[in-house]
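Observations on the three-dimensional arrangement
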Amino acid sequence: MHDLEGHDGSQNPEDAGDEQRLLSLEHLGLLSSPTSILYHKLASEAGLVWSCAPCYKAGTPSPGEAMLEKYHPKLIEPKWQKVWEAEGLHRAGAHPERPKLYVLEMFPYPSGNMHMGHARVYVIGDLLARYWRMHGRDVFHPMGFDAFGLPAENAAIREKIHPRQRTLKNIETFRGQLKRLGLSYDWEREIITCEPEYYRFNQWLFLKMYEKGLVYRRRSLANWCTGCLTILANEQVVEGRCERCQSPVVPREIPDWALRITRYADELLKGLDTLTAWPERVVTMQRNWIGRSEGCELTFPLCGGGEAIRVFTTRADTVFGATYMVLAPEHPLVARITTPAQRGAVQEFVQRMARTERAVRTDEKATKEGVFTGAMAHNPFSGEDIPVWIANFVLAEYGTGAVMSVPAHDQRDFEFAKKYRLPIRVVIAPVGRPAGSATELTQAFVEDGVLHNSGPHDGKGSAQARRDIAAEARSRGQGGPTVNYHLRDWGISRQRYWGTPIPMLECERCGTVPVPYEQLPVRLPPEAPITGTGESPLSKVAEFVHTTCPSCGGPARRDTDTMDTFFDSSWYFARYLDPRNERLPFDRAAADRYLPVDIYIGGPEHAVMHLLYFRFFTRVMRDLGLVGIEEPVARLVTQGMVVRSSYRCPSHGYRAESGVVQDGEKVRCSECRAALEVRLEKMSKSKHNGVSPEAMFEQYGADTARLFCLFAAPPEKDIEWSDAGVAGCFGFLRRVWALLLRHQERFDVLRTLDGPVDEARLSPELKAFHRLLHHTIERVRRDIEREFQFNTAIAALMELCNACKVFDALTAGGPDDAAAREALRLLGFALRSLALMLAPFAPHFAEEAWEALGMPGRACQQPFPSFDPKLTVQDVVTLVVQVNGKVRANLEVPRAAPREEIERIALSDERVRKWTEGKAIRRLVVVPGRLINIVL
RNA sequence: GCCGGAGUGGCGGAACGGGUAGACGCAAGGGACUUAAAAUCCCUUGUCCGCAAGGGCGUGCGGGUUCGAGUCCCGCCUCCGGCACCA
C-alpha cells in the first residue's frame, strides 16, 4: 500500500522506513514467547537485518544465540517498546503500598511534528520516572494533549481543514513520535482537552467558580489583538503586543467573563515562600507579576460638586506637595467633570487615546501629554484647590485610574508639570539637609526624607508621615491604608471557535443564567463559519445560539465565546488521576494519593502565565473540596531551549545547512556568495535550523537522542545541538555494546557468580576498578537525585565503560581458580550495574543488554544498583604536594597514612627538596587524602 | 531604570562544605589496521619559553581575605532572561 519511493530524505512520516515496517507488524501473537524469539522473528519478517543491512554478518542466528555484532537501535527499540506496552510496565497504581511519585512534563500543543525542544522535556521527565521506578516508587507519569487553541483554527482558515480533524491527526503523529522515543507513560491516563469528556469539566469548574463569585461578567476595556482578532489576558500582552502573533494590541470595549484571581493575590504571593524547590527566578517573576504594593487611598472632593476623585498612592507623605491631579482618559468621571470650555480638547484627546496601540501608549519613551479638564479638586490636606487633568501615562486599570501629582517628588509628575507649567512644591527634604527650592530642581527628589511645608507633619520622617496621614484619611472617611496589585483579574472570553464553550445563557426574562450541571457538556457545534473576521464564529450557528432558559423555559441565547485555552491547562494535572470520571473532574481519593505533582518539567516561558493559573486553580479546587493541597507542584524544573546555528543571507533569508559553504573563517551563501550572519537560535522550521526527531530515530535511534539531550548540558541551560555531539553519544553506546560483546562467551559463567566480591583476592588494578564501580554508582545516584545533573551522571558512566578495559587482560582461569573467579564475579557485577544504570538514560539499550546477560525480568524493573560507602574511595590516593601554594609533586600514598608519615614522604621527595633546600619551613598544612602545602 | 542569572581550552561543559582547574564528550594532530576508504583502536592536545629536564602564566577586569580562591568579600565590565510611565 505504501508507495515505492526510496529512502532518500523523504520527511513523510508515513514513508515506509525500516522501523516503520517493524512497528506496523501486527503479527504479535508472539508476545508471550521469549523476546529473543520475537526479536528474531521481527527482524526476519521485516526483511531488515539479514538481507539489507551491511553491518550484520550474513546468516540467520538461531533463537537464544545472543548478541548481534553491532549495536543496531532500529531493531532493538521497536522490540522493547512492544514488550513494555504488552507487559504494562509503566502503569501507575500497581503497588499502592509503595511511596508515590508524580512526575509530569508540560503537555504539548500538538502541532504537526514533535521537535527537539519537546523531546528534551520528555526525556528529562522520563529519566526521572524510570529512575524512581527502579527505586520502588509507584510512579505516576502521564501524558496528554493541549488540543484547543488558535493555531488549529488559523490553519483551518488557511487550509480549509476542520480544526478537529487536523488536531486529531496531529495528535496521532505526535503520539507515535513520543512512543518511538521510548517514553514510559501510562497511556491509559491520556487526556485530550478538545474532547467533551475533558472540556465538560472546564464548564463544570467554571460554573462552580460562578457560584463562588469567582467568575463575573465585566464590560471594560479589553486587550484586543489585531492579529488574532480576539481579546487577550493581561499576561498574554507582551510589550503591548500579542505574545503569540506579535500584532499590536489595542483597547476595545468588549464584554467578557473574568476570573477573580485577584481574590487570591495575597495567598498566591505568600505561597511563593513555600516553593523552596522552584527556581528562584520563577518565584521572583511571579512575585513581580503579582506586584503587591502597599499604599493609601485618598479622596479629593471636586470643587462645586458632590463627586470626589479617589486616588491610590504609595507616597501619602507627599500629599502636601500635590499640586494637580490626573485621571486616565478612560476614567468614568472625565465626561462628567469636563467644563464646556475644555470639552472639545478633552474629547479629542480621549478619542485619540482610544485608538492608540497599547505598545505606543505604554512605551516609556512616549512623551507625556495631557489636557486640562477645566475642573478643580480640593486637596483636603493642604486645603488648596488644584486642577484636574487627564493624561496618557495614567492607566485606567491600575489602582483607581487616577493619581495625585506631586511634581517635586515623582519624576513623571515632574516632567508633566514642567511641560504644562504646573506648580511644583517641595515637601520632602533629604535627611540632614535643607529642602531645595522648587525653582532649582532639575529632577524630582523621589527618596524618603523629612517632611517640610506639610503643616502638622513637618519634621516627621516619610515612613511615619505615611502612617499618620493614612490613619488621618481613614478617620475622616477620606480613604485609608490599602493594598494594590499589579495582577489583574483574568479575562477568559475568546471570540474564537476552537475552544470550550462558555456555559452561560442570556434569557430575556431571567437575565444571565448558568447552564445547569446536568446539561453539561455544552458541546462545541461540529461546524461553524470560521472566517477570522473577529466575530465569534459560534454566534453564527443559530441552532447553537438559540436555546431555552432552564429556569423559565422561555427563549435564551447562549454565550458565543469560548474559553482561553489556559483554562484547560490550569487543572489537567489533576484530570490525569481519574480521566474517565463522568461525574466529577476527578476523584478525591486519587488526588490524595498522588498530589501534589512531585516534579514538573517545562519551559521557563510559562513561569508567569501557566504556572500562576496552575497555582490559582489549585486553590480554587481546594476551596471546592476537590483537593487537599495548596500548591500543585513541589519541585519545578525549567529546562533550556534547544538551539542550533542558523545562517542568514542578506538577500536570500535563512539558509539551510545545505545552502551554505564554508570559506575559511567565513560562511557564505551558496547562491550569492554573500557572507552569512551565523547565530545560535531556537530550532525552527522558518530558520531552517531544525533537526527532526524522525531524522534522529532514523540515523541513531531514540536512545542516542535521549542520551544527547541529557548529556549536552544540565537541564536548565540551553543546549546547542551538535551533530558531532550526537555521534559521540552514539559512539558511547556502541562502545558499551562492544564491551558486552567482548565478554559474551562468559555470560553464562557470570550469571552464576552473584555473591559479594572478595576484595582480598583481587589484583590491585581490579581492586581499584571495584572501588571505581562503587564510586560510579554513588555519583550517578547523587547526580540524578540531588543536582539533576544528568550530564555528569552520563560522564561517570562513560568513565566506567572506559575503565572496563582492565578486564581485557583477564585470562581464562578455571572456575576453580579463586582469583579468576573473583575477577569474573566483579566483571559480572560491573556489566549488570552498567546495564541497569543505563536503563533510565537509554532504556532500550539497557533492556537488550540485560537480556543478553541472561538476566531474568526487565531492566526497568530491577532495583537500581546500590553501593557500599566503604568502597567508594580508593585506598591509594594521589597526594598533591605544594610548596608555597604551587604544585610541585604528586605522590601515591595509602589513603589511611598517618599525618607524620605523609609529611615524611613529602619532605623527603626529591622534587620537593629542590624547593625547600636550605629554607626554614614555617608551616605545614595537611589536608588528609588530598594535599600537603609546605609554607616557607 | 529595576529584579534575576551567567562569564572557565578551538567547542559543549566538569570541579561534593576553598584544596592538583579543564572530568566526560566533540573537534584537531599523530600512529596502528586496510590494496584503499570508511569504521575501529592507541597516543597527544590550556597557553608561553625550552632540544629536554623543567619553568612562567592562566577560570571577564581591578582589588582584598587565606598557607591556598573558578569557588568567599568589595568595586567594575560584558552578555542573556524577566518586568517596566504600576502612582
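Note that this is a predicted model, so its numbers are computed, not measured.

**Regarding the packing of aromatic side chains**
How two aromatic rings sit relative to each other is given by the distance of their centres and the angle of their planes. Tallying each qualifying case throughout the model produces 42 aromatic pairs. Consider the rings of Phe206 and Trp257, whose centres lie 5.9 Å apart with planes at 85°: the pair is edge-to-face. Taken as a pair, Phe206 in helix 8 (residues 196-211) and Trp257 in strand 7 (residues 249-259) lie far apart in primary sequence, 51 residues in all. Of the two residues examined, Phe206 and Trp257, each falls in the buried class. For Arg635, the ring lying beneath its charged end belongs to Phe788, and the centroid distance is 3.8 Å.

**Examining a positive patch on the surface**
Among the surface-exposed residues, Lys70, Arg734, Arg735 and Lys805 lie close enough to one another that they form a single positively charged patch. Mapping Lys805 onto the fold places it in the loop between helix 26 (790-803) and helix 27 (818-838).

**As for the protein's contact with RNA strand B**
The immediate surroundings of RNA strand B are formed by 58 residues, with Thr314, Lys368, Arg734, Arg930 and Asn933 found nearest. The protein-proximal atoms of RNA strand B, defined as those within 4 Å of the protein, are 64% sugar or phosphate. At a separation of 2.5 Å, a sugar or linking oxygen of RNA strand B approaches a polar backbone atom of Thr314. Within the backbone of Ala712, one N or O atom sits 2.9 Å away from a sugar or linking oxygen of RNA strand B. Among the elements that take part in the surface near RNA strand B, helix 26 stands out by supplying 6 residues, more than any other. Residue composition of the surface near RNA strand B, grouped by class: 21 nonpolar, 16 polar and 21 charged.

**A word on the pattern of salt bridges**
One pass over the full model with this rule turns up 56 salt bridges. A salt bridge links Arg593 to Asp138; its shortest N-O distance comes to 2.7 Å. Of this pair, Arg593 sits in helix 19 (residues 588-594) while Asp138 sits in strand 2 (residues 138-140), placing them 455 residues apart in sequence. Here Arg593 falls in the partly exposed class, since its relative accessible area comes to 24%. Accessibility expressed as a relative area gives 3% for Asp138, which makes it buried. We note a salt bridge from Arg466 to Asp448, for which the minimum N-O separation is 2.9 Å.

Calculation criteria
- Residues numbered from 1 in each chain as written.
- Chains lettered and ligands numbered in written order.
- Predicted model: local features only at pLDDT ≥ 70, side-chain atom pairs only at ≥ 80, totals over all residues.
- Heavy atoms only, no water.
- Phe/Tyr/Trp six-rings, centres within 6.5 Å; stacked < 30°, edge-to-face > 60°.
- Helix = DSSP H or I, 4+ residues; strand = E, 2+ residues; numbered from the N terminus.
- Buried < 20%, exposed > 50% of the residue type's maximum accessible area, 1.4 Å probe, protein only.
- Lys NZ or Arg CZ within 6 Å of the ring centre and 35° of its normal.
- Patch = residues over 30% accessible without salt bridge, like charges linked within 9 Å, V, L, I, M, F, W, Y side chains within 5 Å.
- Areas by Shrake-Rupley, 256 points an atom, 1.4 Å probe, with all protein chains shown as cover.
- Salt bridge = Lys/Arg side-chain N within 4 Å of Asp/Glu carboxyl O.
- Lys, Arg positive; Asp, Glu negative; His and termini not counted.
- Charge placed at Lys NZ, Arg CZ, Asp CG, Glu CD.
- Near = heavy atom within 4 Å.
- Polar contact = N/O pair within 3.5 Å; in protein donor to acceptor, adjacent residues only side chain to side chain.
- Nonpolar A, V, L, I, M, F, W, Y, C, P; charged D, E, K, R; others polar.

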